[in-house]
Amino acid sequence: MTVYADNAATTPMSEAAVAAMLPYLTEISGNPSSLHSDGQRAKEALEAARADVAAALGAQPREILFTSGGSEADNTALRAAAVLGAEKGKRHLVSTAIEHHAVLHTLAALEKEGFEVTLVPVGESGIVDPAAVAAAIREDTALVSVMYANNEIGTLQPVAEIGAICREKGVLFHTDAVQAVGRCPIDVNAEHIDLLSASAHKFHGPKGVGFLYVRRGVKVTPLIAGGAQERGLRAGTENVGGIVATAVALKEALARREEDAARLTALRDRLIEGLAAIPHSALNGDPVRRLPGNVNFCFEGIEGESLLLLLDDRGIRASSGSACTSGSLDPSHVLLAIGRVHDVAHGSLRLSLGEDATGEEIDYLIANVREVVAYLRSISPVWRDLQSGQGRFLL
Ligand SMILES: *Cc1c(COP(=O)(O)O)cnc(C)c1O
């Protein structure tokens, strides 16, 4: 059996999205900036996709800026807010300790350019306290950036509350909603969101396409100079087919969202229950306020990488953290932020279920994780020390 349980890293394209994309790679291959009829057909498709994406968030079409993905959307949003802030002498940025690296590394770059950054900590639950965000906001705060749903531990953040606080204090609010778009109901107006990042390949669209919602009146400084595409905010010939497929994938995801969420939540909880029965294990992040398909555990006395490779041999595609940290020896900054110590954080496993997951697959996951964890412990010197009383169990 093969179980793809790494949907937080990327999702396969839906058949409808592939079908919608194909004509724009062949027959309708005009450049949307061309004035002839082939170009105008591409332009019409591009604008129809923009209208669909906007409607999905309660936004206006002119508020959607297509990008090369979530990372570019995050970079654009943070840099835009920094430029706007600096114009008014505001050089303070507020974010959280559990953001994606596309946000954290952009903030670190801005720090080097003279901005001051406050990262609000999160508790053991992995949920940001709106009061802590409010307390971090100062007179010179230019932006608050808090992700909608965490990519490692799946925790859902109180975005509407934080948005209301920012609106009241007159501070711009950005949310990295890459994990949430297509999975959570989002309304940029009701939630007081000024800037929102999304990525198509996280909701069964193509890789290399994303978008940034930019509230009307918020000025964006282009990261890429050149032609006047995207109302002069992002140069470069648009990825028409990819953008059309993005709109199709998003509409499809939202049409089946509630049904998918209910079924996935039940499967997720069954998986959590099965893995929690493994001795000296712990679920990472809030058990309830998390994405329907996200399961993230720490198992004491083992290495996450070994677990991952042995599971792969058994047909299970999983992750030991975020795809971006895999390959480096640093434990996940998210697990450290929720209070896991280095040794425990190293023995982590993320299983992110797809919408077509089945009960049979959940049973397969539970049985195989149990066996592989038991095997790895049987050959682990760390585990032997813990068992003989030479070390102290933390979980
Ligand atoms: C995947 C992801 C990104 C990056 O998106 P890309 O389209 O791969 O650049 C950013 N933020 C979060 C939360 C993500 O999960």
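Rules and cut-offs
- Residues numbered from 1 in each chain as written.
- Predicted model: local features only at pLDDT ≥ 70, side-chain atom pairs only at ≥ 80, totals over all residues.
- Heavy atoms only, no water.
- Patch = residues over 30% accessible without salt bridge, like charges linked within 9 Å, V, L, I, M, F, W, Y side chains within 5 Å.
- Areas by Shrake-Rupley, 256 points an atom, 1.4 Å probe, with all protein chains shown as cover.
- Salt bridge = Lys/Arg side-chain N within 4 Å of Asp/Glu carboxyl O.
- Helix = DSSP H or I, 4+ residues; strand = E, 2+ residues; numbered from the N terminus.
- Buried < 20%, exposed > 50% of the residue type's maximum accessible area, 1.4 Å probe, protein only.
- Near = heavy atom within 4 Å.
- Polar contact = N/O pair within 3.5 Å; in protein donor to acceptor, adjacent residues only side chain to side chain.
- Nonpolar A, V, L, I, M, F, W, Y, C, P; charged D, E, K, R; others polar.
- Axes fitted to C-alpha atoms, helices over the stretch in contact; angles between N-to-C directions.
- Left-handed = near helix turned anticlockwise from the far one by under 90°.
- Contact = heavy atoms within 4.5 Å.
- Domains from an automatic or database assignment.
- Buried area = accessible area lost by both parts, 1.4 Å probe.
- Core = buried A, V, L, I, M, F, W, Y, C linked by side-chain atoms within 4.5 Å.
- Pairing = 2+ DSSP bridges.

1. Observations regarding a nonpolar patch on the surface
A contiguous nonpolar patch, built from Val18, Leu22 and Leu25 and spanning about 260 Å² of accessible area, is present on the exposed surface. Summarising the element assignment, Leu25 is placed in the loop between helix H1 (15-21) and helix H2 (37-57). Owing to a relative accessible area of 52%, Leu25 belongs among the exposed residues under this scheme.

2. Observations concerning the site of the ligand
Around the ligand lies a shell of 13 residues, among which Ser71, Asp176, Gln179, Ser199 and Lys202 are the nearest. Gln179 has a polar side-chain atom sitting 2.7 Å from an oxygen atom of the ligand. In the environment of the ligand, an oxygen atom lies 3.0 Å from a nitrogen or oxygen atom belonging to the side chain of His201. Relative to its free-state accessible area of 380 Å², the ligand is covered by the protein chains to the extent of 87%. Per element, the largest residue contribution to the shell around the ligand is three residues, and it comes from helix H3 (residues 70-87). Here the residues of the shell around the ligand are counted per class, giving two nonpolar, eight polar and three charged.

3. Topic: the packing of H3 against helix H4 (residues 101-112)
As a packed pair, H3 and H4 sit with axes 9 Å apart at the nearest point and diverge in direction by 35 degrees. Relative to H4, the crossing made by H3 is right-handed. Every residue of H4 that contacts H3 at Ser71, Asp74, Asn75, Leu78, Arg79 and Ala82 is listed here: Ala102, Val103, Thr106, Leu107, Ala109 and Leu110. Of the residues that constitute the contact of H3 with H4, the class distribution is seven nonpolar, three polar and two charged.

4. Examining the domain arrangement of the protein
With domains assigned, the protein is organised as domain 1 (15-254) and domain 2 (257-388). For domain 1 versus domain 2, the distance between C-alpha centres works out to 29 Å. Each side of the interface is counted separately: domain 1 has 29 residues, and domain 2 has 21 residues. Between domain 1 and domain 2 lies a buried interface of about 2100 Å² when both sides are counted; carbon and sulfur atoms form 56% of it. Where domain 1 meets domain 2, there are zero salt bridges. Between domain 1 and domain 2 we count 13 residue pairs in polar contact (both at pLDDT 80 or more) in total. Elements with a minimum of two residues in the side of domain 1 that touches domain 2: H4 and helix H7 (240-255). Its residues assigned to classes, the side of domain 1 that touches domain 2 comprises 13 nonpolar, 12 polar and four charged.

5. Examining the side chain of Asn284
Note on placement: Asn284 falls in the loop between strand S9 (281-283) and strand S10 (294-299). If we ignore the near neighbours within four places in the chain, the residues touching Asn284 are Ile153, Arg290, Asn296, Phe297, Cys298, Leu335, Ile338 and Arg340.

6. Some details on the nonpolar core
The tendency in soluble globular proteins is for nonpolar side chains to be buried as a group. Judged by nonpolar contacts, the single largest core of 56 residues is most densely connected at Val144, Ile186, Leu196 and Phe211. The residues that make up this core include at least three from each of domain 1 (15-254) and domain 2 (257-388). The contacts of Ile186, once residues within four sequence positions are left out, are Ala56, Leu57, Tyr148, Ala177, Ala180, Val181, Glu191, Ile193 and Leu196. Among the nonpolar cores identified, the runner-up in size contains 29 residues, and Leu267, Leu275, Phe299 and Leu311 belong to it.

7. As for the sheet that holds strand S4 (residues 116-120)
Taking strand neighbours across the sheet as the criterion, the seven strands line up as S2-S8-S7-S6-S5-S3-S4 in an open arrangement whose pairing is mixed. Two strands close off the open sheet at either side, each with one partner strand: strand S2 (64-67) and S4. Each adjacent strand pair in this sheet contributes to an overall mean axis angle of 20 degrees, direction not counted. The sheet contact formed by strand S3 (residues 92-96) and S4 spans five bridges and is parallel.

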